[in-house]
Every structure is written in structure tokens, then in C-alpha cells.
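Topology and contacts: notes
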Amino acid sequence: MGRRIIIVGGGVIGLSIAEQLLRRGITPIVLDRGVFAKEASWAGAGFLDLRSVARVGGALFELCKKSYDLFPEWTAQLKKDSGVDPEYQNCGSYDVAFTEAEESSIRQMETNLKTFGLTGRWLTPEKALALEPQLSSQVRSIFSFEHTSQVNPPPLSRALLKVLQNAKADLREFEQVDDFLLKGKQFLGVRTNKGIIDADGVVIATGAWSAPLAEKLNVQLISKPYRGQVVMYRGQPKELKHILFHTSSTGITYLVPRMDGHVYAGSTLEDVGFDKSTTPEGLEKLKTGAVRLVPGLAQHLIEETWAGLRPGSIDGWPYLGPVTGLDGVWIATGHYTHGISLSAVTGQVMAQLVNGERPWVDLAPFAINRAPHPASGL
Ligand SMILES: Cc1cc2nc3c(=O)[nH]c(=O)nc-3n(C[C@H](O)[C@H](O)[C@H](O)COP(=O)(O)OP(=O)(O)OC[C@H]3O[C@@H](n4cnc5c(N)ncnc54)[C@H](O)[C@@H]3O)c2cc1C
């Protein structure tokens, strides 16, 4: 019999690790205390972004770039194996400036990107409007960057689940892990609300809820939820072609056009604990920001609004690696605003670790017990 590995948490991170374990001949047990992929991984916009991490640089940028480069092949394989399309698109992005100050902060981002050899181009409003006719005519300048892609998070998770189901992985919803069974430093299993499961190893991938679980192993994780509210507009396919970003002194608004025409408007970034409700102020801010970018959205039906909790960390960098002093326990969490972007590489490196391979990325900068990075991603 093969090794029994438990993944705790069935968000995009847990599911990606499970899928990569399958590809290494290990059929995992995946446990979620709720329904699979209905927390942050359902709520997320799904843009695969290098712009924002260029500011942080270092190993975090390198990890995001590796993941970014894995997406076309990974999602094509998932689509082939599952019959579900994760809707990967290299749609590119426009950073929109309405003022001189906004333009100069985009120029700073451009400088950061250039240090990694990535360039974009500036468009006049006339040129941008010719390429993206729904854009506001009030824009001052636009930075067009082709190295921004997207996936649609719900079908990405459905594709991962289908691959796991096809391989007869043991997938259990509504099973919450409450504690761990250890003999000395050796991991023996987990205790859940339904009983005990014996196993050879465990990966904790419980997103914003990771700290209390890690505490059971005497691991102090700084993990904090950051709420993001979202407005989903109904639209026509190809009405918008690019992801639009607007960063101002009051926050970030972005519009992500889906293949079926829906336009995802995000998002707030709030430190309000585990409260997943939307607020009238939060939604109003998003709607105002969305209509400023694309005035026509004022006439579009709002189909749904929601909020999700991004898993924070001590410094906005994920925690990826083994728990020091224990055998057979790994953690993959704290992906903050980059969890969808980092899912491809996280699945690979964690499966490599669990399988006893040397991960093809140096994971020291992401160690569980690290000191916070001075270049914070928060
Ligand atoms: C509004 C919003 C927009 C975002 N946009 C983007 C984006 O455009 N690009 C990007 O890269 N990222 C984005 N993110 C971030 C991204 O969604 C997250 O980083 C990512 O989904 C985290 O995945 P996860 O699997 O770690 O966590 P989750 O998806 O939250 O999954 C954790 C799972 O663990 C389960 N769980 C918790 N405790 C237990 C337990 N004790 N036992 C069993 N199960 C347990 C939960 O039920 C949950 O299903 C966004 C997030 C939000 C909220």
C-alpha cells in the first residue's frame, strides 16, 4: 500500500497539492470542514499578477513568476484530464491613471518590473479607447502590460476536484480536523469531528484558519484574515478585453472580464477578523470605482455580491515547508492576495517535499518559523 497523506483544507492550495501528489503516485485524503473550495478560493478574482509583487521583489517575485509560467500548461492539462475548463486567458492588463500622481506611481511599478526584465507600454487615451472602447474617456494615461493573465477560480477548483475524483482520492467534506496524533516527533494521524484517521503525513492548508490548528502542534503562525468584498456585474462576452486596474489614494479597484461576459469588480482589503459579510459602504466604494473606470457598467445588472477572507501571514509571504522538529507534517498557507496566482507552484513544491524530492524552488524564504521579511508584501 502507498503512503497515506492527509491534506487538511480543500481550497485551491490543498487541492493543487493533492493533484500534484496524484501525479507522483500518492492518492491523498482531502478533508474540509465545509464544502470544497467555497472560501477564499471561490471568492477570488483569479488574476495572475506580477505587477504587485514586483514592488516586493526577491524570492516572492521569483515564486510568483515560476507559478505564472506554469499556468498555461497546467490548466491545459487539467482541462484535458477533467473536461472542466479553468478559463486560463493571457488577457493582459491596463493600469489606468486619472491624475498625475497616479501616473507617477504606475511609473514606479514600471521601474520595478523592468528590474525583472518585464516591460509594458504606455497608451494615449485615444489609443486605449480604440482598443478598449468601454473605458472612461476621462483617463489621463494607460500602462498596458501583457504579462497579466487570469483563470476563473470556481472552475479551476472544479477541474482539480474532478481529477481527484477520477483517481478515486478520498475526498471528505464536512470533516473538520481538531487535533493531531503524534508519537514523539512522528506524525500518526488526525482527530476529526468524525473520528480518527491514521496516516503517514499531513499537509495543513487551511487558509485564514491555519493559526489555531498550527497551535495544536506548538507552532505559532501569524495568520490573519483580510476581507475582500466583490461585486459581480452581468455583461456580454468580449465587452471588456483586458483586466483594468485603478490604484488611488483610497484603494484599488479592478475589473476582471470573464469569458462569459460577467465582470468581476474587486476588491476591498479589510482587517475585520472573521466577518465575511458585505457592507453597504464597501459595495458602494466598489461600484463607484467600477463605474469611474467603465461608465457603462452603471447600466449593467449586478448579479451577486460577496466577501471572502484572504489568508494573511507575518509579512504577506506564504508559509511553505515542514514543521521543524516533527516528521511528516508540512504547512502551506498564508498566500494572502496571491493564492490563486501561487497555486500552480505551491502544488508542485509541496508535493515534491512530501514525496521526498528536492523542491525546485529554495523554500528557505518561506519557512514557517522565519523572521518577517523587511520587504513586506502586506
Ligand atoms: C476578494 C478576493 C479576491 C482575490 N483575488 C485574487 C486574485 O485575483 N489572484 C490571486 O492570486 N489571489 C486572489 N485572492 C487570494 C486567494 O483567493 C487566496 O489566497 C487563496 O484562495 C487561498 O487559498 P487556500 O486554499 O489557502 O484558502 P481557502 O480557499 O480559504 O481554503 C481553506 C479551506 O480550509 C478549510 N478549513 C479550515 N479549517 C479547517 C479544519 N480545521 N479542518 C478542515 N478544513 C478546514 C476551509 O473550510 C477552507 O475550505 C483573492 C481573495 C479574495 C478574498
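Report follows, based on the coordinates. (Residues numbered from 1 in each chain as written. Predicted model: local features only at pLDDT ≥ 70, side-chain atom pairs only at ≥ 80, totals over all residues.)

Section: the packing of helix H1 (residues 12-22) against helix H7 (residues 153-166)
Convention followed: In this analysis an axis means a line fitted to C-alpha atoms, helices contributing only their contacting stretch, and an angle means the value between N-to-C directions, from 0 to 180 degrees. Here a helix means four or more residues in a row that DSSP labels H or I, a strand means two or more in a row labelled E, and each is numbered from the N terminus. In this scheme, a crossing is called left-handed if the near helix is turned counterclockwise away from the far one by less than a right angle; it is called right-handed if the turn is clockwise. We call two residues in contact whenever the C-beta atoms placed from their backbones are within 7 Å. Under the convention adopted here, Pro, Cys and the residues Ala, Val, Leu, Ile, Met, Phe, Trp and Tyr are nonpolar, Asp, Glu, Lys and Arg are charged, and Gly plus all remaining residues are polar.
Their axes nearest at 9 Å, the elements H1 and H7 cross at an angle of 35°. Relative to H7, the crossing made by H1 is left-handed. Here Val 12, Leu 15, Ser 16, Ala 18, Glu 19 and Leu 22 of H1 come into contact with H7, specifically with Pro 153, Leu 156, Ser 157, Leu 160, Leu 161, Val 163 and Leu 164. Here the residues of the contact of H1 with H7 are counted per class, giving 10 nonpolar, 2 polar and 1 charged.

Remarks on the environment of Ser 41
Structurally, Ser 41 can be placed in helix H2 (residues 40-43). Considering only alpha carbons, one finds Ser 41 and Leu 156, 115 residues apart in sequence, at a separation of 9.3 Å. Apart from the residues within four sequence positions on either side, Ser 41 is in contact with Gly 11, Val 12, Pro 153, Ser 157 and Gly 339.

Quick notes on the environment of Ala 371
Under the convention used in this document: Exposed residues have 12 or fewer other C-beta atoms within 10 Å of their own C-beta, buried residues have 20 or more, and residues in between are partly exposed; the C-beta atoms are placed from the backbone.
Here Ala 371 shows up in the segment after helix H10 (343-354). Under the C-beta neighbour-count criterion, Ala 371 is labelled exposed, with 8 such atoms within 10 Å.

Observations regarding the nonpolar core
Within soluble globular proteins, side chains that are nonpolar tend to cluster in buried spots. Stated precisely, the cut-off is as follows: Throughout this description, the term nonpolar core refers to a group of buried Ala, Val, Leu, Ile, Met, Phe, Trp, Tyr and Cys residues whose C-beta atoms join them within 7 Å. Note that the domain bounds were set by an automatic or database domain assignment.
Core analysis: the biggest nonpolar cluster contains 110 residues, and Val 8, Ile 17, Val 203, Leu 255 and Met 350 have the highest contact counts within it. Broken down by element, the residue count for this core peaks at 8 residues, all from helix H4 (residues 58-82). Each of domain 1 (5-83 + 153-221 + 315-366) and domain 2 (93-146 + 225-311) accounts for three or more of the residues forming this core. For Val 203, the residues in contact, after removing those within four places along its chain, are Ile 7, Val 8, Ile 17, Trp 330, Ala 332, Met 350 and Val 354.

What to know about the site of the ligand
Heads up, the condition is: A molecule or strand has a residue near it when that residue's C-beta atom, placed from backbone coordinates, lies within 6 Å of it.
Around the ligand, the surrounding shell holds 42 residues, and the nearest of these are Gly 11, Gly 44, Gly 207, Gly 228 and Gly 339. Where the shell around the ligand is concerned, the elements lending two or more residues are H1, H2, strand S13 (225-233) and strand S17 (302-311). Residue composition of the shell around the ligand, grouped by class: 17 nonpolar, 21 polar and 4 charged. The residues that make up the shell around the ligand include at least three from each of domain 1 (5-83 + 153-221 + 315-366) and domain 2 (93-146 + 225-311).

Points about unusual backbone geometry
The amide bond that connects Gly 266 to the next residue, Ser 267, takes the cis arrangement and shows omega of -25°. Secondary-structure assignment places Ser 267 in the loop between strand S16 (263-266) and helix H9 (280-293). Of note in this structure, Ala 37 is not a glycine but carries a positive phi near 50°. Exposure remark for Ala 37: the 23 C-beta atoms within 10 Å place this residue in the buried category. One non-glycine residue, Lys 238, adopts positive backbone phi at about 70°. Assignment of secondary structure puts Lys 238 in the loop between S13 and strand S14 (243-248). Residue classification places Lys 238 among the exposed residues on the basis of 9 C-beta atoms within 10 Å.

Considering the sheet that holds strand S9 (residues 177-183)
Convention followed: Whether two strands pair depends on DSSP finding at least two bridges between them.
Ordered in space as S9-S10-S11, the 3 strands form an open sheet in which the pairing is antiparallel. Every other strand in the sheet has two partners, leaving S9 and strand S11 (195-198) as the edge strands with one partner each. Taken over all neighbouring pairs, the strand axes of this sheet differ in orientation by 30° on average, direction set aside. Of the strand pairs in this sheet, strand S10 (residues 186-192) and S11 are connected by 4 bridges, and their pairing is antiparallel. If you follow Gly 189 over to S11, its bridge partner there is Asp 198.

Points about H7
Structural remark: α-helix, 3.6 residues per turn; residues separated by three or four positions point the same way. Defined as follows: Multiplying 1.5 Å by the helix residue count minus one yields the expected span of that helix.
Taking 1.5 Å per residue as the helical rise, H7 with its 14 residues ought to reach 20 Å, and the 20 Å between its terminal C-alpha atoms agrees with that figure. Counting buried residues along H7, 10 of its 14 residues qualify, which places the element largely inside the surrounding structure. Among the residues of H7, Pro 153, Pro 155, Leu 156, Ser 157, Arg 158, Ala 159, Leu 160, Leu 161, Val 163 and Leu 164 are the ones counted as buried. If you follow the buried residues of H7, they end up packed against H1, strand S2 (29-31), H2, H4 and strand S8 (170-172). Phi for Lys 168, located one or two positions after H7, is positive at around 60°.

Details of the pairing of strand S6 (residues 141-145)
Alignment of strand S4 (residues 93-97) against S6, held across 5 bridges, turns out to be antiparallel. Note that in S6 the partner of Asp 95 across the bridge is Phe 143. Here strand S5 (residues 121-123) runs beside S6; their pairing, made up of 3 bridges, is antiparallel. Bridging from a neighbouring strand, Leu 123 pairs with Ile 142 of S6.

Section: the packing of H1 against H10
What counts, and what does not: In these notes the angle categories are as follows: under 35 degrees is roughly parallel, over 145 is roughly antiparallel, 65 to 115 is roughly perpendicular, and the rest is oblique.
Two elements in contact, H1 and H10, have axes whose closest approach is 8 Å; the angle formed by their N-to-C orientations is 50°. The angle between the axes of H1 and H10 places the two elements in the oblique class. In the crossing of H1 with H10, the sense of the turn from one axis to the other is right-handed. Residues Val 12, Ile 13, Ser 16, Ile 17, Glu 19, Gln 20 and Leu 21 of H1 form the contact with H10, whose participating residues are Ser 343, Ala 344, Thr 346, Gly 347, Gln 348, Met 350, Ala 351 and Val 354.

Some thoughts on the sheet that holds strand S12 (residues 201-204)
The strand order S8-S2-S1-S12-S19-S18 describes an open sheet built from 6 strands, whose pairing is mixed. The sheet is open, and its two borders are formed by S8 and strand S18 (319-322), each paired with just one other strand. Taken pair by pair, the neighbouring strands of this sheet meet at an average axis angle of 15°, ignoring direction. Two elements, S12 and strand S19 (residues 329-333), share 3 bridges in a ladder whose sense is parallel. Counted as the bridge partner of Val 203 is Trp 330 from S19. This element, H1, spans strand S1 (5-8), S2, S12 and S19 of the sheet and lies at about 160° to S1. Strand contacts of H10: S1, S12, S18 and S19, with the helix running at about 175° to S19, the strand carrying the most contacts.

Remember, this is a structural readout, not a statement about activity or role.
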